[in-house]
Amino acid sequence: SDNGFLQAMRQAGQPWAVSSLAQAAGEAALKECEYVDAVRQLVMEERPWMCRQLEEMGLWVIPGEANFLLFCCPVKLVQPLRKVGILLRSCANYHGLDENWYRTAVRTHEENIRLIEAIREVLRG
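Residues numbered from 1 in each chain as written. Predicted model: local features only at pLDDT ≥ 70, side-chain atom pairs only at ≥ 80, totals over all residues. Heavy atoms only, no water.

(A) Examining the packing of aromatic side chains more closely. Enumeration according to the criterion identifies two aromatic pairs in this entry. Ring centres of Phe71 and Tyr102 lie 5.8 Å apart, and the angle between their planes is 35°; this geometry places the pair in the tilted category. Of this pair, Phe71 sits in strand 2 (residues 68-72) while Tyr102 is found in strand 4 (residues 101-105), placing the two residues 31 residues apart along the sequence. Considered together, Phe71 and Tyr102 belong to a single accessibility category, that of buried residues. When the ring centre of Phe68 is taken as origin, the NZ or CZ atom of Arg103, which lies over that ring, is 3.8 Å away. (Phe/Tyr/Trp six-rings, centres within 6.5 Å; stacked < 30°, edge-to-face > 60°. Helix = DSSP H or I, 4+ residues; strand = E, 2+ residues; numbered from the N terminus. Buried < 20%, exposed > 50% of the residue type's maximum accessible area, 1.4 Å probe, protein only. Lys NZ or Arg CZ within 6 Å of the ring centre and 35° of its normal.)

This is how it looks when you write it as structure tokens:
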């Protein structure tokens with residue numbers, strides 16, 4: 001009977017059929033979720049630390065939760081930081097901002113320390 005045949009098929013295979021392509025997509029999605037969670041955790045830890053460091057230097061940081069910081073510094077930073085291999089985004093072409101505004105990504109703690117120390121050096125003159 002058809003029922004007996006279906007029962008035998010169910011017992012012979014997996015409880016549900018998942019193609020290798022669907023399996024690979026599922027694994028990739030899990031890795032992506034793990035990566036997103038790791039980045040979110042990094043930003044939650046590093047962003048407040050970076051804000052404090054910049055504010056202690058007398059710089060104005062815009063509050064937020066994104067994976068980047070927007071801050072104001074009266075001293076030119078782009079060229080001096082580029083000389084030491086650090087790229088900083090000038091916001092001079094953003095509507096309502098000028099050449100005193102900068103944007104930087106929140107990165108690993110080691111990279112963030114390097115950025116903060118480089119900005120300190122520029123501010124010291």
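Moving on from the coordinates now.
(B) View of the pairing of strand 4. As paired strands, strand 2 and strand 4 are joined by five bridges and run antiparallel to one another. From the neighbouring strand, Cys72 faces strand 4, where its bridge partner is Trp101. Looking at chain direction, strand 3 (residues 89-90) and strand 4 are connected through two bridges and run antiparallel. Bridging from a neighbouring strand, Arg89 pairs with Arg103 of strand 4. (Pairing = 2+ DSSP bridges.)

(C) The nonpolar core, seen in detail. Core analysis: the biggest nonpolar cluster contains 23 residues, and Leu54, Phe71, Leu77, Leu81 and Ile119 have the highest contact counts within it. Setting aside residues no more than four positions away along its own chain, Leu81 makes contact with Ile86, Leu88, Leu115, Ala118, Ile119 and Val122. (Core = buried A, V, L, I, M, F, W, Y, C linked by side-chain atoms within 4.5 Å. Contact = heavy atoms within 4.5 Å.)

(D) Main features of the pairing of strand 2. Counted residue by residue, strand 2 has four buried out of five residues, so it is predominantly covered. As judged from the two bridges shared by strand 1 (residues 60-61) and strand 2, these two strands associate in the antiparallel manner. If you follow Trp60 over to strand 2, its bridge partner there is Cys72. What sits between the antiparallel neighbours strand 1 and strand 2 is a turn of six residues.

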